[in-house]
Amino acid sequence: PAGFFGAIESARELSRILKSRPQDGGTPRVVLLEASSRPLRKVLLSGGGRCNVMHQTLPSASDLATNYPRGRRGLIGPFSTFTQDMTREW
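Read on for an overview of the structure. Note that residues are indexed from 1 along each chain, following the sequence as it is written. Only residues with pLDDT of at least 70 are given local features in this predicted model, and only at 80 or more are side-chain atom pairs given and counted; all residues enter the totals for whole chains, interfaces and linings. For the side-chain quantities, the full set of heavy atoms in the structure was used; hydrogens and water were omitted.

## Quick notes on the overall build of the protein
Formally: Here a helix means four or more residues in a row that DSSP labels H or I, a strand means two or more in a row labelled E, and each is numbered from the N terminus. Only protein chains enter the accessibility calculation, which uses a 1.4 Å probe; a residue whose area is less than 20% of its type maximum is buried, one above 50% is exposed, and one in between is partly exposed. By definition, residues are in contact when any of their heavy atoms lie within 4.5 Å.
Looking only at helices and strands, one finds five helices and zero strands in the protein. Its helices and strands in sequence order give the protein the pattern α-α-α-α-α, from N to C terminus. The buried share of the protein, taken over its 90 residues, is 10%. Once local pairs closer than 6 in sequence are excluded, the contacts in the protein between residues at least 24 apart make up 40%.

Structural data, given as structure tokens:
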């Protein structure tokens, strides 16, 4: 899922950049290469396409990260940058 998220956000950012610089012209194009014949299959298996962690807004990134014992320390930064509200909006 991270690769798909990255590709979508890269295309959005590239589109914003090109709109601000019309002299560069062109249509933004981001290519995502996937080895699997069934992209995002694991997402369907793990949550049926529904987010499993966003049912309740927690007060802080640290509180959210406590739900991920093996990755807690490494997730505090990303959870602080890309908040739960931003995730829902996206």
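What follows picks up the thread again.
## Thoughts on the pattern of salt bridges
Selection rule: By definition, a salt bridge exists where a carboxyl oxygen of Asp or Glu is found within 4 Å of a side-chain nitrogen of Lys or Arg.
Within the structure shown, the criterion is met by two salt bridges. Close ionic contact of R12 with E9 constitutes a salt bridge, the shortest N to O distance being 3.0 Å. Placement of the pair is R12 and E9 together in helix 1 (residues 2-20), with a separation of three residues, close to one helical turn. The exposure class of E9 is partly exposed, given its relative accessible area of 22%. Ionic pairing is found between R16 and E13, a salt bridge with its closest N-O pair at 3.0 Å. Taken as a pair, R16 and E13 lie in helix 1 at a separation of three residues, close to a single helical turn. Judged by relative accessible area, R16 falls into the partly exposed class, the value being 46%.

## Notes on the environment of R29
Looking at the element boundaries, R29 is found in the loop between helix 1 and helix 2 (41-47). Overall, R29 belongs to the exposed group, its relative accessible area being 70%. Each C-alpha atom, one on R29 and one on A7, is 9.7 Å from the other, the two residues being 22 residues apart in sequence.

## What to know about a nonpolar patch on the surface
We count it as follows: Within the patch definition used here, like charges are joined within 9 Å and nonpolar side chains (Val, Leu, Ile, Met, Phe, Trp, Tyr) within 5 Å, considering only residues with over 30% relative accessible area and no salt bridge. Note that accessible areas follow from Shrake-Rupley with a 1.4 Å probe, and for residues the cover is restricted to the protein chains shown.
Taken together, F5, I8 and W90 make up a surface patch of nonpolar side chains, about 260 Å² in accessible area. Examined against the element boundaries, I8 turns out to sit in helix 1.

## Description of the environment of L14
Of note, L14 is situated in helix 1. Taking relative accessible area as the criterion, L14 reaches 30% and is therefore assigned partly exposed. Sequence separation between L14 and V30 is 16 residues, and the spatial gap between their C-alpha atoms is 8.7 Å.

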